[in-house]
Structures are given as C-alpha cells and as structure tokens.
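Architecture and fold: a report
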Amino acid sequence: MSQVQQITVLGATGSIGLSTLDVIARHPARYRVFALSGFSRLAELEALCLVHRPRFAVVADARSATELQARLGAAGLRTRVLFGEAGLCEVAAHPEVDAVMAAIVGAAGLTPTLAAVEAGKKVLLANKEALVMSGALFMRAVRQSGAVLLPIDSEHNAIFQCLPGDYARGLQQVGVRRVLLTASGGPFRETPLEALYEVTPEQACAHPNWSMGRKISVDSASMMNKGLELIEACWLFDARPEQVEVVIHPQSVIHSLVDYVDGSVLAQLGNPDMRTPISHALAWPQRIDSGVAPLDLLAVGRLDFQAPDEVRFPCLRLARQAAEAGGTAPAMLNAANEVAVAAFLERRIRFPDIARIIEGVLEAEPVSPVDSLEPVLEADRRARDLAGQWLNRRGEVA
Ligand code: NAD
Ligand code: MG
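Throughout, a residue's number is its position along its own chain's written sequence, starting from 1. To label them, take the chains in the order written and letter them from A, then take the ligands in the order written and number them from 1. Under the rules for a predicted model, residues below a pLDDT of 70 receive no local features and side-chain atom pairs below 80 are neither given nor counted, while totals for whole chains, interfaces and linings still include all residues. Side-chain numbers here rest on the full set of heavy atoms in the structure, without hydrogens or water.

Protein coordination of the magnesium ion (ligand 2) is provided by D153 (OD), E155 (OE) and E229 (OE), with donor distances spanning 2.1 to 2.2 Å. Each metal's donors are the N, O and S atoms found within 2.8 Å of it, except that Na, K and Ca use a 3.2 Å limit; water is left out, so coordination can look incomplete. Counting the intervening residues between successive donors of the magnesium ion (ligand 2) yields the motif D-x1-E-x73-E. Taken as a pair, D153 in the loop between β7 (148-151) and α7 (154-162) and E229 in helix α10 (residues 224-237) lie far apart in primary sequence, 76 residues in all. Assigned by exposure class, D153 and E229 land together as buried. Strands are runs of DSSP state E lasting at least 2 residues, helices are runs of H or I lasting at least 4, and numbering of each runs from the N terminus. Three exposure classes are used, based on accessible area relative to the maximum for each residue type with a 1.4 Å probe and protein chains only: buried under 20%, partly exposed in between, and exposed over 50%.

Below, the structure written as structure tokens:
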C-alpha cells in the first residue's frame, strides 16, 4: 500500500476506539486519522485531537461543538468540529475517507455505520448492535455499494480468518459444517444462581479476560453478548442459527473455530487483546504489528471447554429465538437489552431482571417483516417504550 489511508474512528473515546488509535499510531506511514468522534468525554476527545490532529471531530451537540472548537482553535489546531448524527454520517461517508472504524456502542451507531457502508467504505465493524438490528438491510447495502466489511468482534474476526476467501459463495459450497463461537462465560460463570440477584454493576464489569466498555461488559456477564454475536455471525457469514454453536472456553485464547465437512476444524488463537483483530482488519489482506505480545502456549497451559447453560444465561436462548424469528425480533431484543442494561448499571434493577425485561418485551410485541429501515427504527422505539413501562411499573411497586 503506497498511499496513506485516511481513517475515521467513530467512538474514538471508547475501549475499541482507543485500541484502534494505538494501532494507528504504530504505523504513521500507513494510516492517518481523518476524523474522531466522542459523545460524553469531551476532555478525552480534546486530548486525542491534540495527538492525532484530525481534519474533523464530532461531538454530541452544538454546545459541545462550540466548546471543543474554541479549545482546539486556542491550541492552534485546524480541526473542524461537527455534531450529532449528521456530523457522524458526514465523516463516515466523506469522499476522502478510506476506512471507518464503527465503534460507537449500541443502536446510536446504526445510522453512521450504514452511512459508511452506503458510501462504499472499508468498514471495520465493532458496533455489532447495528448489524443485529438491521441485518438484511445492512448486508444488502454492503453488496450494493461494494463496501468491504471486516469484522472486529474477536470471534467473527477469527471466523473470517478461518474461512476461505470465497466464503460468500455460501458456507455449504465451501465445505463448512458449522461455526463455533467461543465465549468466556464472563464473571458469573460459576456464581450460584441465587447470588445473581445480588451482583453489582462493578462485579458485572470486572471481566476475567477482556477490558471493555460497560455495556458490552454487562452483555458478556449475561451472555447476551454471545447472543448478539450469534445473530451477527448469521448475517456476516450467511449462516442459519443452527449452524452457529456456542462453546464456553474460559481462557479466551481460541477466539472461534470453523468446522469443515472433512473433519478439519480451523481455529484462530491469540492473547485476548482487541488490537489483534483491529490490526488484522486495518491491514487486511496484509499483516502488521499490533503491539500484542506473542501467545505463550506454555504459560496458557490448558484450554477448557463447556456447554453453555441456558438456565443460567437465558439471554442466550432469547437471542437464538430472535435469530430464528427474524424480521424485527433482533432489533427489539437489542433495544430491550440496551434499556435493561442501562437500568442495571444505574442500579434500578437486579441482574436477572435484564433477561426478564427482554423476554417480556419480545412476548408483548409481534414480529414484523423488515423491508426498509423504518420498521427497524419503529421496533427499536417500541421495544424501548415497553421496556421503559416495565421499569416504571416496577418503580411503583417498589
Ligand atoms: P465504550 O463504551 O468503551 O465506547 C463507546 C463509544 O461510543 C465512546 O466513544 C462513546 O463516546 C460513544 N458513544 C456512546 N454513546 C453514543 C451515542 N449515543 N452517540 C454517539 N456516540 C456514542 O464501548 P466499547 O467497549 O469500545 O464498544 C464499542 C462497540 O464495540 C460496541 O458495539 C461493542 O459491542 C463492540 N465491541 C467491543 C469490544 C471490546 O473489547 N470493547 C469487543 C467486541 C466488540
Ligand atoms: Mg466478541
């Protein structure tokens, strides 16, 4: 690659965003930061702008934009500060951008990620919720625009690495029997079931192997993360839900596997550090240094596997059901989960209530077909309303 690649990092102040900037900074001859976005941490975004000197920064609202613009101007930077969804879409689709890291958390990332896809960018997808919500439309937009979609989620990145280059012909055509998604099982893999009512947000966010944002950490603890990843895998690799198996692997060294009809099973291994999938996707089809230490198999010693327990982790069952139901079901699952996780993080509900809220929302609302973005956004709104009503009713009882 002779030319320097211009990169937009959506969600730059988050865990994935910072890891992406760490990799980019290791390769100044290859990559240049074109735009950075942040939502609530203005001081952090300012600090990142001072280091990476992007053409654009994007913040939540007009007030923050004016504030950051003044601070960057005073520091002698010519960065232009935009705001809101329109600003995010502008930097995602800008003609001078080569690749977009989609690392906003949750449904908020849908529109900007789709804007990058529709503009035919190289899209590095961390924001799994966007694909879960809008799967069919998202993948259709990828095909129509010629965007190059590369998974950042470590499991999907592993599967991508273990599949042949022509896997888009169909999994059966390329001899794949099934894909195996590994899951650490999170911090509550062995917590007594009754004790799950007492666990705190801090305990849920203390993941044994990965350091991540708070929402995905709670999702990992409930295994909704694996449920969302199951849906994500179905869309990325055109798999049916029953072709995707979840295996608990507490060491998080095998990031996922592909099982072929001849009995071969290919796996991708590495230390649990997101800079590996980020570097892989940034440089694909080449390889670059990521700063991740080499895997020391002797130090790892052993690799364990267990079946997931759907009594302990009802979110996994709910996600599989939503994958099978199709239509707007995954968007509702995702929205109800976002509301429930936020309420858990605010200590308004207990940990097992997360699954109860989601199940209640899915039972209350019929599934509609998805032929455009409108039913997806409507399902998202409706599920948020229903989950909010559940929280309010509970507030009255308490
Ligand atoms: P994080 O909470 O650390 O960062 C989230 C980023 O999104 C921040 O930059 C924040 O400013 C921005 N943001 C939040 N709300 C926003 C809104 N309403 N509008 C615009 N921007 C908003 O999260 P993270 O752990 O970096 O995860 C980001 C995404 O990557 C998630 O979809 C997550 O599932 C996925 N992912 C993360 C990891 C990981 O190791 N952290 C691994 C795999 C996938
Ligand atoms: Mg993952």
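UniProt's feature table lists "domain: 1-deoxy-D-xylulose 5-phosphate reductoisomerase C-terminal" (unreviewed entry) at residues 149-237, given in the numbering used throughout. As annotated, residues 149-237 has a helix share of 42% and a strand share of 12%, and its two end C-alpha atoms lie 11 Å apart. UniProt positions are given in the numbering used here, feature names are shortened, and annotations may be inferred rather than shown by experiment.

This next bit is on helix α9 (residues 214-222). An α-helical turn contains 3.6 residues, so any two residues separated by three or four positions project in the same direction. Burial analysis of α9 places 7 of its 9 residues in the buried class, the great majority of the element. Within α9 the residues assigned to the buried category are K215, S217, V218, D219, S220, A221 and S222. Residues count as neighbours in contact if any of their non-hydrogen atoms are within 4.5 Å of one another. Against the buried residues of α9 lie α6 (128-145), α8 (201-205), α10, α13 (314-325), α14 (329-345) and α15 (353-364).

Orientation is described by lines fitted to C-alpha atoms, with helices fitted over the stretch in contact, and by angles between N-to-C directions that extend from 0 to 180 degrees. Interaxial distance between α7 and α10 falls to 10 Å at its minimum, and their mutual angle equals 30°. Viewed along their axes, α7 and α10 adopt a mutual orientation that is roughly parallel. Judged by the sense of rotation from one axis to the other, the crossing of α7 with α10 is right-handed. Listed contacts from α10 to E155, H156, I159 and F160 of α7 are K226, E229, E232, A233, L236 and F237. Residue composition of the contact of α7 with α10, grouped by class: 5 nonpolar, 1 polar and 4 charged. The cut-offs work like this: below 35 degrees is roughly parallel, past 145 is roughly antiparallel, 65 to 115 is roughly perpendicular, and the gaps in between are oblique. Left-handed describes a crossing in which the near helix is turned anticlockwise from the far one by less than a right angle; the clockwise case is right-handed. Side-chain classes are defined by residue name, with Ala, Val, Leu, Ile, Met, Phe, Trp, Tyr, Cys and Pro counting as nonpolar, Asp, Glu, Lys and Arg as charged, and the others, Gly among them, as polar.

With that out of the way, let us pick up the UniProt feature "binding site: NADPH" (unreviewed entry) in the chain. UniProt's feature table lists "binding site: NADPH" (unreviewed entry) at T13, G14, S15, I16, N127, E129 and G213, given in the numbering used throughout. Note that T13 resides in the loop between β1 (5-10) and α1 (15-25). Residue placement: I16 occurs in helix α1. Beyond its immediate stretch of four places on either side in the chain, I16 contacts M101, A103, A126, I152, M274 and I278.

Right, let's talk about the nonpolar core for a bit. The criterion is simple. A nonpolar core is a set of buried Ala, Val, Leu, Ile, Met, Phe, Trp, Tyr and Cys residues joined through side-chain atoms within 4.5 Å. Grouped together as the largest cluster of nonpolar side chains are 133 residues, with contacts concentrated most on F138 and I354. With 12 residues, the top contributor of residues to this core is α14. The residues contacting I354, other than those within four sequence positions of it, are V218, C315, N337, A340, V341, F344 and I349.

What follows is about the pattern of salt bridges. Salt bridges are defined by distance alone: a side-chain nitrogen of Lys or Arg within 4 Å of a carboxyl oxygen of Asp or Glu. Considering all chains together, one arrives at 28 salt bridges under this definition. Of the charged contacts, one joins E242 and R240 as a salt bridge, the two residues approaching to 2.9 Å between their closest N and O atoms. Given a relative accessible area of 46%, R240 falls into the partly exposed group. The closest approach of N and O atoms between E365 and R382, which form a salt bridge, is 3.1 Å. Here R382 lies in helix α16 (residues 373-397) and E365 lies in the loop between α15 and α16, a separation of 17 residues in the sequence. Taking the relative accessible area as the measure of exposure, E365 reaches 17% and is therefore buried.

Here S222 is to be found in helix α9. For S222, a relative accessible area of 6% puts it in the buried group. Here the side chain of S222 touches M224 through a polar contact of 3.1 Å, landing on its backbone nitrogen. Whenever a nitrogen or oxygen atom comes within 3.5 Å of another N or O atom, the pair is scored as a polar contact, on the condition that within protein one atom can donate a hydrogen and the other can accept it, and that pairs from neighbouring residues in sequence are kept only if both atoms are in side chains.

This next bit is on the environment of I358. Relative to the helices and strands, I358 is located in helix α15. Residue class for I358 comes out buried when judged on its relative accessible area of 0%. For the pair I358 and A340, spaced 18 residues apart in sequence, the C-alpha to C-alpha distance is 7.6 Å. When near neighbours in sequence (up to four residues on either side) are disregarded, I358 contacts M224, C315, L318, L333, A336 and N337.

So, about the state of the cysteines. For this text, the term disulfide refers to a pair of cysteine sulfurs within 2.5 Å. Inspection of every chain in the model, using the stated rule, returns 0 disulfides. C49 takes part in no disulfide bond, and the closest cysteine sulfur, belonging to C89, lies 19 Å away. The class for C49 is buried, based on a relative accessible area of 0%.

Turning to the domain arrangement of the chain, a few remarks are in order. For the domain bounds, the source is a domain assignment made automatically or taken from a database. Domain parsing of the chain yields domain 1 (5-151), domain 2 (152-313) and domain 3 (326-397). Its C-alpha centre places domain 1 at a distance of 27 Å from the equivalent point of domain 3. Residue-level contacts link 10 residues of domain 1 with 12 residues of domain 3. In this description, buried area is defined as the sum, over both parts, of the accessible area (probe of 1.4 Å) that is lost when the two are combined. A buried area of about 800 Å², summed over both sides, lies between domain 1 and domain 3, and 71% of it is on carbon and sulfur atoms.

So, on to the packing of aromatic side chains. A pair of Phe, Tyr and Trp rings is counted when the ring centres sit within 6.5 Å of each other, with Trp represented by its six-membered ring. The angle between the planes then sorts it: under 30 degrees is stacked, over 60 is edge-to-face, the rest tilted. Applying the stated criterion to the full structure yields 6 aromatic pairs. Taking the centre distance of 5.8 Å and the plane angle of 65° together, the rings of F160 and W284 count as edge-to-face. One end of the pair, F160, is in helix α7; the other, W284, is in the loop between α11 (275-283) and α12 (297-300), and 124 residues separate them in sequence. Using a relative accessible area of 35% as the deciding quantity, one classes W284 as partly exposed. Among the aromatic residues, those joined into a ring-pair cluster are F160, Y167, F237 and W284.

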